[in-house]
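Structural description and commentary
One letter stands for each residue in the lines below.
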Amino acid sequence: MINKKYILGVLTALLFASCSDDEKVVFINADEDGGTNPNPVTQTLKEKAKFKIGAAVKMKDLQGEANYKNAVIKHYSQITAEFEMKMASIWTSSTAYNYMAADYLVDFAKTNNMEVHGHTLVWYDSFPEWFKKAQYDSIAFEAKVKVYITDVVGRYKGKVKSWDVVNEVFADGGAMRNETVINSLFKDPIGFYGRCFRYAKAADPDAKLFYNDYSVVLDGGKRAAIKKMVARFKANGVPIDGLGDQYHYATDTNRQTMKTGFTDMASTGLLMHISELDIKVNTSKSDSYVFNDTENQKQAETYKYIVSMYEELPQTQKFAISTWGVTDKYTWLTAFWHSKEYPLLLDADYNKKPAYQGFLDGLK
């Protein structure tokens, strides 16, 4: 009788011998009989997905490293500026804008047949220092913000297909965030944010407009506050198209809580954006942590679960899944969380991790 395991081993060896490092097939979920994943990596994410697959990128990485640039082009269909399209980066003085980096990213996307998701027009943590020090009253403050939104969205009309108009309004639990810029100026901050959506819509009527925040599917209080804001916006004709949850989660994030919250979030009927996805593995911040096969597998299964959950949405609510970065070589979490952290789909050498296969398996 022919030995099936022997044949499988020979075929696998031949397959690996014919692939470049970047194309190595990664198997996960081997069964007890020696079977393998029925869906090895044969497609890129953007080839299989029926919605946009995005990545947060930086101009300096695209310009400075060919492997980085090639990975973005190969695997993704949408980009988000990690910081170059935030207000503090663009609005350099009361009379000047610096569009150099934003222009570069928009041109890069056009050249490579990708879309751009603009991030972000209004965020409490990205008002320029000169603007905060000007001590405008609410009327002058809003007038300045209106001009900024009008100018920036207008400049990229038809080129940036969607915007995070407002970012992170609510604190954990759902109260208004205790920040000193907006809340100290406006008796009705939500009303101000709603007008920002109107300003963006007027500047580009075809752009999709989002509210973006973190821990939305985990934090019931925050989610309730967002849903209340959405209901108010809808009642008053404020043009909001979608909601983004950043999905900076981990392999030990409770999946049922995530799914319940996501279903509740989607009940708004708006477009859903998983906007800043990365999955932490070193959950205890251990200095002795080793990212071994078992840990790789846990991460792959987490990615698969999240993508499968997203795919349960009606097609009309699927906007994009965007990872917050491209490779473990460049991730904000090694500074913010722990130096031994590996949250993304490609490793530091740009090879596909099991997480990539997990993401791919979650796609329909």
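Look a little higher up for the structure.
Anyway, here's the lowdown on the structure attached to this text. Please read all numbers here as calculations on a predicted model, not as lab measurements.

Next up on the list: the overall build of the protein. The secondary structure content of the protein amounts to 15 helices and 11 strands. For the protein, the residues scored as buried account for 53% of the 364 residues in total. Counting only contacts in the protein whose residues sit at least 6 apart along the sequence, the fraction spanning at least 24 positions is 78%. Of the roughly 16,200 Å² that the protein leaves accessible, carbon and sulfur atoms contribute 52%.

In terms of nonpolar packing, the biggest core is built from 99 residues, with Leu121, Val122, Ile149, Trp163, Tyr211, Tyr247 and Phe359 touching the most fellow members. Looking at this core, the element that brings in the most residues is helix H10 (residues 189-203), giving 8 residues. If sequence neighbours within four positions are ignored, Tyr211 has contacts with Val166, Asn167, Glu168, Val169, Phe170, Phe197, Ile226, Met229, Ile240, Gly242, Leu243 and Gly244.

Going through the model one piece at a time under the given rule, you end up with 27 aromatic pairs. Each ring, one from Phe141 and one from Phe186, has its centre 6.0 Å from the other, and the planes form 70°; the classification is edge-to-face. Taken together, the residues span a long stretch of sequence, with Phe141 in helix H8 (residues 138-155) and Phe186 in the loop between helix H9 (182-185) and H10 at a distance of 45 residues. Ring plane angle 55° and centroid distance 6.1 Å describe the contact between Phe141 and Phe192, whose orientation is recorded as tilted. One end of the pair, Phe141, is in helix H8; the other, Phe192, is in helix H10, with 51 residues separating them in the sequence. Under the relative-accessibility criterion, Phe141 is labelled buried at 4%.

For the rest of this paragraph, the subject is the packing of H10 against helix H11 (residues 220-235). Two elements in contact, H10 and H11, have axes whose closest approach is 11 Å; the angle formed by their N-to-C orientations is 60°. For the element pair H10 / H11, the angle class is oblique. The handedness of the crossing between H10 and H11 is right-handed. Listed contacts from H11 to Ile190, Gly191, Tyr193, Gly194 and Phe197 of H10 are Met229, Arg232 and Phe233. Residue composition of the contact of H10 with H11, grouped by class: 5 nonpolar, 2 polar and 1 charged.

Here we take up the pattern of salt bridges. Summed over all chains, the structure comprises 17 salt bridges. Between Lys222 and Asp213 there is a salt bridge, with its nearest N and O atoms 3.3 Å apart. Overlapping salt bridges, with partners in common, bring together Lys58, Lys60, Asp61 and Glu82 in one network.

All right, on to helix H4 (residues 66-75) then. Turning to H4, its buried residues number three or more, namely Tyr68, Ala71, Val72 and His75. Here the buried residues of H4 occupy an arc of 100° about the axis, which is enough to place them on one side. Elements in contact with the buried residues of H4: helix H2 (45-48), strand S1 (52-57), helix H3 (59-64), strand S2 (78-81), helix H6 (100-111) and helix H15 (354-362).

So, about the pairing of strand S8 (residues 242-245). With burial as the criterion, each face of S8 is covered, one bearing Gly242 and Gly244 and the other bearing Leu243 and Asp245. Across 4 bridges, strand S7 (residues 208-213) lies against S8 in parallel orientation. Along S8, the bridge assignment pairs Phe210 with Gly242. Tracing the backbone out of S7, into H11 and back to the parallel element S8 gives a crossover that is right-handed.

Examined against the element boundaries, Thr323 turns out to sit in strand S11 (residues 318-323). Within polar-contact distance, the side chain of Thr323 engages the backbone oxygen of Gly325 at 2.8 Å. Residues contacting Thr323, with those up to four places away along its chain left out, are Gly54, Ala55, Ala56, Tyr76, Leu277, Leu344 and Leu345.

Time to look at H11. Helical periodicity: at 3.6 residues per turn, an α-helix aligns residues three or four positions apart in one direction. Here H11 spans 22 Å end to end across 16 residues, near enough to the 22 Å set by a 1.5 Å rise per residue. Residues of H11 that are buried: Lys222, Arg223, Ala225, Ile226, Met229, Val230 and Phe233. Projected down its long axis, H11 shows its buried positions confined to an angular sector of 160°, all on one face. Looking at H11, the residues exposed on the side facing more than 90 degrees away from the buried face are Lys228 and Ala235. Looking at the packing, one finds that the buried side of H11 touches H10, S7, S8 and helix H12 (255-266).

Geometrically, the link from His119 to Thr120 is a cis peptide bond, its omega value of -5° lying close to zero. As for its placement among the helices and strands, Thr120 is situated in strand S5 (residues 115-123). Phi is positive for Gln135, which is not a glycine, with a value near 55°. Summarising the element assignment, Gln135 is placed in the loop between helix H7 (129-133) and H8. One non-glycine residue, Glu168, lies in positive phi territory at about 55°. Position of Glu168 among the secondary structure elements: in the loop between strand S6 (162-167) and H9.

Conventions we followed
- Residues numbered from 1 in each chain as written.
- Predicted model: local features only at pLDDT ≥ 70, side-chain atom pairs only at ≥ 80, totals over all residues.
- Heavy atoms only, no water.
- Helix = DSSP H or I, 4+ residues; strand = E, 2+ residues; numbered from the N terminus.
- Buried < 20%, exposed > 50% of the residue type's maximum accessible area, 1.4 Å probe, protein only.
- Contact = heavy atoms within 4.5 Å.
- Areas by Shrake-Rupley, 256 points an atom, 1.4 Å probe, with all protein chains shown as cover.
- Core = buried A, V, L, I, M, F, W, Y, C linked by side-chain atoms within 4.5 Å.
- Phe/Tyr/Trp six-rings, centres within 6.5 Å; stacked < 30°, edge-to-face > 60°.
- Axes fitted to C-alpha atoms, helices over the stretch in contact; angles between N-to-C directions.
- Parallel < 35°, antiparallel > 145°, perpendicular 65-115°, else oblique.
- Left-handed = near helix turned anticlockwise from the far one by under 90°.
- Nonpolar A, V, L, I, M, F, W, Y, C, P; charged D, E, K, R; others polar.
- Salt bridge = Lys/Arg side-chain N within 4 Å of Asp/Glu carboxyl O.
- Arc of directions from axis to C-beta.
- Pairing = 2+ DSSP bridges.
- Right-handed = clockwise from strand over helix to strand, strands pointing away.
- Polar contact = N/O pair within 3.5 Å; in protein donor to acceptor, adjacent residues only side chain to side chain.
- Expected span 1.5 Å × (residues − 1).

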